[in-house]
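Observations on the model geometry
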Amino acid sequence: MEEYPEELRTPPVALVSLVGCPEHHQAISGYLHSQQPPINVLALPDFSKVPVVLSKKVKDSGSGDPPSGILKRDWLLKHRTKVPALMAALFSSLDISGDPTQWLQVCSDLENLKAAIRPRNVKLVLVVVLQSTSADDINEDRMIALKKRAEVDSKYLLMYTPNDVSELKLSLNRLGNAFSELASVHYREEGRRIRTKVEKRGYNFPELHMRYCFKVAIYAEFRRDWNEALKFYEEAYRILREIVGTSTRLPPIQRLVEIKSVAEQLQFKISTLLLHGGKVMEAVQWFCQYNVAYKRLVGAPQVPYLHWEWMSRQFLVFAELLETSSATMQSISSLVVGGTDRTLTEWEFRPAYYYQLAANYLKKKQSSLEISLSMTDNSSEADSSIDSVVPSIYVGQFARSLGQGDELFMHPLTDEQYVQYTLAERKRFQDSYEIIALLKKAYESYSSLKAQRMSSTCGLKIAKEYFSLDDYANTKQLCDGIITLYRQEGWVALIWEVLGYLKECSRKLGAVKSFIEYSLEMAALPVHPDTNITFLGFVESGPTGPPSLQQREHIQKEVMELIGKDSGDGLSVEKSTDLRLSEKNPLNLEIDFVSPLRTVLLASVAFHEQMIKPGVSTLITLSLLSQLPLSIEIDQIDLQFNQSHCNFSITNKEKYASTTMFSSVEQSQRMEIASSLILTTNRWLRLTYEIKSEQSGKLECVLIIVKLGPHFSIICRAESPASMADLPLWKFEDRAETFPTKDPALALTGQKGTQIEEPEPLVDLALGATGPALVGESFMVPVTVMAKGHDVYSGELKINLVDVRGGGLFSPRETEASFLDGHHVELLSIAGAEWEDKSQGSDSNINRIQQSFGLISVPTVKNGETWSCELEIKWHRPKPIMLFVSLGYFSQESDPTSQKINIHKSLQIEGKIAVMINHRIMLPFRQDPLLLSMVKPPEADQLVSLPLGESNVLIVSARNCTEVPIRVESLSIETDSSSPSTSCCIKPGSGPGSPGFTLLVAEEEFKKIFTVKAEVDSTPLSLGIVCLRWRRDPGSHDPSTRTIVTTKHKLPDVNVEVPPLIVSLVCPPYAVLGDPFTYFVKIQNQTPLLQELKVSLSDSQSFLMSGTHSGTVFVLPKSEHIMSYKVIPLSSGTQQLPKYSFTSTRYSAGFQPSVAASTIFVFPSEPRFKGVNDRGKNLESVATI
């Protein structure tokens, strides 16, 4: 599209001319160019230039001689740049209002201007340039006379005020509107004038009819009347179709070139109007009809390249129009074709489709041009005769420019001269680069649409062009990417073609490995002897030729000669190329599980047994399969296993005696001799041998190395028959399929590996721990190694701690940050390991201990000896774990072939909490303080309240939660340093107790009493932390009992209150049946206020009581009130004293003593107690603390 002139590529723009007052032309032109649509300006400095520009119009031929051409080449350019639609005459207001001489000059210029524009119907606009800011300075009479002399309407007599900024914009706006209106009127009148000629048909030549339709369409485009323009363009195209085949003065070849050139311009105009009007479907349909109409107009057989070049240009231009049109952004699925002769495909709406066809036609042009050049006699005289050929005045015509003096004459060309001219012009250009550019555009477009097949087709054509230009590197790069898709989809014919280019590129580039790979792959393709090349559609089959069995055999022979397996020894290939193999340049070809070379050589290995004992032989079958057309004689086969000592080689018997290619290293390995190693096409070569291994573990065949010739070998990944994939390209071919092994069951279940059982260990590994582990203690696990038949060398002991429940031994919670790295269970140390002995310290000893993993070295242990160590494990949370201990050792010292023997032991250890600590806070016995916080309704998380200055009782208990007996060494309360307030006194209770430790069996409880006295009114008040020191009972002789564990329990905070009232009960510790005693109730008021209390005392059947039963008591501030009662017991045993209750009027709170406080024991008679030292015996405690 860039080859088209600008006046054809862009819509026509109105042209106006400015004459007079040249100093104002730039401002007016800049404003007109900025309008939408813009207006072009032809600025003339003075009126003398007007006749030169508006020369006399040349009339078209009428009924005389036929026209010399269809369209004039420069007509459109002339009307866009030379012939204005209107003439704007600028006169200064000073000249109009000046002296008579100036006025006469204005009138003279105006008359000359009118005479010049009248033949071309150019419109006239008068612009008076005001030299002052006021229009009143202009002579009104002269203005009227000027308007009459110019014969213009009043609205086209405009004032232009350049000196007033506010009026300048209004003036320019008026000019722009007037110019646009008059230009549209001019082009409408011109179009109507030409259209009248079309309707009257006052001519006898269709060329004039077509020319007039074209002009009407151009004038409609000037007015932006796209529908009328499209209508007359289509009419011109219809008439042009009628002209085809009519005889004219032009020779036939040039006549057809002219018609196609005019059709090309019409096609461009029609397609552009349809696409930019949003009519994509109509544009595609119209272009399809246009293509059908002109596709077969090839023309004379001497110049077919002109037609294919023209066709390529049509598709290229339409592709660019589709690509640049905004209408192509709509969804293709919305373009529904209806009422047409044929259904449009989706690709016909894509630019890539037309780019591809443009490249195809350009390729046809290149081929036909080569034929035409080969048939032409290129002489120097012919070359000199075409130097003066130039484009004629008509579109699509050429002529010779001959000079005679100072004048030039255009002399017509004969068809022979024109053919020579076109051949000379086309020889200067190389079409391959343009073909590559077009195909690249199509390739990129198809790739963006995810159309892999189409993009691969374009990529292959690009590669062919690069190959024709001897650019083998780019050809190989493109083909390497294309062939991947063809291999996946199994297009054998296309694979053959692409491989042919890859093979030849490798040959030219000297890449011997790539050359052999591509050659072998081609030779192994499934091409049969009766392949019909015509049926397969092979117009071009690549540099190798069409696929056939003979070609496959020829390619294989070529490779065999190169690697030295044929009688030629590669000399024929080496002479023509730089490809060669030598001792310094050997080649190893690798074939994996997804390689396309699996068709060349497929290696299968099957062990006859899936599990064997160390040192016991088993059978292994090696199977090889090839799809190469000719048989191959193998020199040697190497089998490599993951256990290198099992590697062995299979050698051809005929080659073994005479060959010298086996090194001493190879000869040191196991060597098997085979009578024949000939691999026939599509027939398994099966070889079965014995194999054994002394090393336990998995024995697997890894590689199969097939040696062909002294410097070439194929390395195949061994495949299992049970899991071996099919050959994709040969899967549906008509061929006999056999099993890789003779035994069908082995072919279905055989694997390329087997399991070697581990040797029986003669060393015992014992884990001596029993019972559960307790949280907080260092639990010791004895590990003992006893040699009972083997010596232990280079031993390693691996320890792993694994959570039984699968939750992991690590806690990510932030609340457990106080524990080491957040682990619930951790391995602390290993006692008794070799590395602890400084005298045996060595860098070879291993010491790796982590929280849940440990690895240590085991010293040499002779047969009959024992070595042991202890694992120190600590639990931070109750969690069951599985302890795995593995011992790996060698039974022989300094023997690299000896196998490492492993012993595994496991032990589940339950982690439990040893003790459960509880506490209880009690108020003073038989003393009830009134705590106001206890009167209110209880709240969530409400703290316990203690009275200020009173001795309270704290009972701490520790219960054994396990079946393991433990010793309680001590129980104490320590101050909490992190607590804000600790102003309280805590003392252990007095009384006899067991010295030393206390033994607790399962579920037994240990208690200790403390007195707590709050000394400061502080809320909250911290009571401290209970510290319990304990350990296992050493009676079990368990080594884990050596550590003492401290278990801590934080006591909750309490509130401290000053009780307003304290009621105390005072009575003897016991009573005797029938003996009266006094029972006192003491009421203490600790406030500065008078307290009123209501007292109520209930009778008891066990006592006879005297005193007031109910009433009101007043207690003075900071004083106490005592009430006494005489009581006589009537029943023996534990009895309840008469219960009393108090109600405080001020606080609306009532309280009464507890059941325990009002309980007393009544003896039937006076008891007798012995002294402390009576009879030399200690008094046993009646209460357990």
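Bear in mind that the values here come from a model prediction, so they are computed numbers and not experimental data. (Residues numbered from 1 in each chain as written. Predicted model: local features only at pLDDT ≥ 70, side-chain atom pairs only at ≥ 80, totals over all residues. Heavy atoms only, no water.)

1. Some thoughts on the overall build of the protein
Under the convention used in this document: Comment: elements are numbered from the N terminus, with helices defined as DSSP H or I runs of at least four residues and strands as E runs of at least two. Only protein chains enter the accessibility calculation, which uses a 1.4 Å probe. A residue is then buried if its area is under 20% of the maximum for its type, exposed if over 50%, and partly exposed in between. Only the protein chains shown count as cover for residues, and the accessible areas themselves come from Shrake-Rupley with a 1.4 Å probe.
Scanning the protein from terminus to terminus reveals 28 helices and 54 strands. Counting only residues that meet the buried cut, the protein has 47% of its 1185 residues in that class. Of the roughly 59,400 Å² of accessible surface on the protein, a fraction of 51% belongs to carbon and sulfur atoms.

2. Digging into the pairing of strand β30 (residues 881-890)
Note the following rule: Here, any two strands with at least 2 DSSP bridges between them count as paired.
Where burial is concerned, most of β30 is hidden: seven out of the ten residues are buried. Where strand β25 (residues 793-803) and β30 come together, nine bridges link them in antiparallel fashion. In the strand pairing of β30, Ile-799 is matched with Val-885. Across ten bridges, the pairing between β30 and strand β31 (residues 900-909) is antiparallel.

3. Some remarks on the packing of helix α9 (residues 206-222) against helix α11 (residues 252-276)
Spelled out, the test is: Axis definition: a line fitted to C-alpha atoms, over the contacting stretch in the case of helices. Angles run 0 to 180 degrees between N-to-C directions. Convention used here: angles under 35 degrees read as roughly parallel, angles over 145 as roughly antiparallel, angles from 65 to 115 as roughly perpendicular, and any remaining angle as oblique. It is the rotation of the near helix from the far one that decides the hand of a crossing: anticlockwise by less than a right angle makes it left-handed, clockwise makes it right-handed. Note on contacts: a residue pair qualifies if any of its non-hydrogen atoms lie within 4.5 Å across the two residues. The classification used treats Ala, Val, Leu, Ile, Met, Phe, Trp, Tyr, Cys and Pro as nonpolar, Asp, Glu, Lys and Arg as charged, and all other residues, Gly among them, as polar.
Running from N to C, α9 and α11 cross one another at 25°; their axes reach a closest spacing of 13 Å. On the basis of their axis angle, the class for α9 and α11 is roughly parallel. As for how α9 packs across α11, the hand of that crossing is left-handed. Side by side, α9 and α11 meet where Glu-207, Met-210, Phe-214, Ile-218 and Glu-221 of the first sit next to Arg-255, Val-262, Gln-265, Leu-266, Lys-269 and Leu-273 of the second. Of the residues assigned to the contact of α9 with α11, the class counts are six nonpolar, one polar and four charged.

4. Some remarks on the packing of aromatic side chains
What counts is decided by this rule: Stacked, tilted and edge-to-face are the three classes applied to pairs of Phe, Tyr and Trp rings, where Trp contributes its six-membered ring and a pair requires centres within 6.5 Å; stacked means planes under 30 degrees apart, edge-to-face means over 60, and tilted covers the rest. Charges are assigned to positions over rings by a cutoff of 6 Å between ring centre and Lys NZ or Arg CZ, combined with an angular limit of 35 degrees from the ring normal.
Tallied over the full model, the rule gives 38 aromatic pairs. Ring pairs connect the aromatic residues Tyr-237, Trp-286, Phe-287, Tyr-290, Tyr-294, Trp-308, Trp-310, Phe-315, Phe-318, Tyr-353, Tyr-354 and Tyr-361, which therefore count as one cluster. Geometry around Trp-308 places Lys-364 over its ring, the cationic atom sitting 4.7 Å from the centre.

5. With respect to α9
Heads up, the condition is: To estimate the expected span of a helix, subtract one from its residue number and multiply by 1.5 Å.
The terminal C-alpha atoms of α9, which comprises 17 residues, lie 25 Å apart, in line with the 24 Å expected from a rise of 1.5 Å per residue. Of all 17 residues in α9, 16 are buried, a share of seventy percent or more. Looking at the residues trailing α9, positive phi occurs at Arg-224, about 65°.

Without other data, these values stay purely geometric and don't point to any function.
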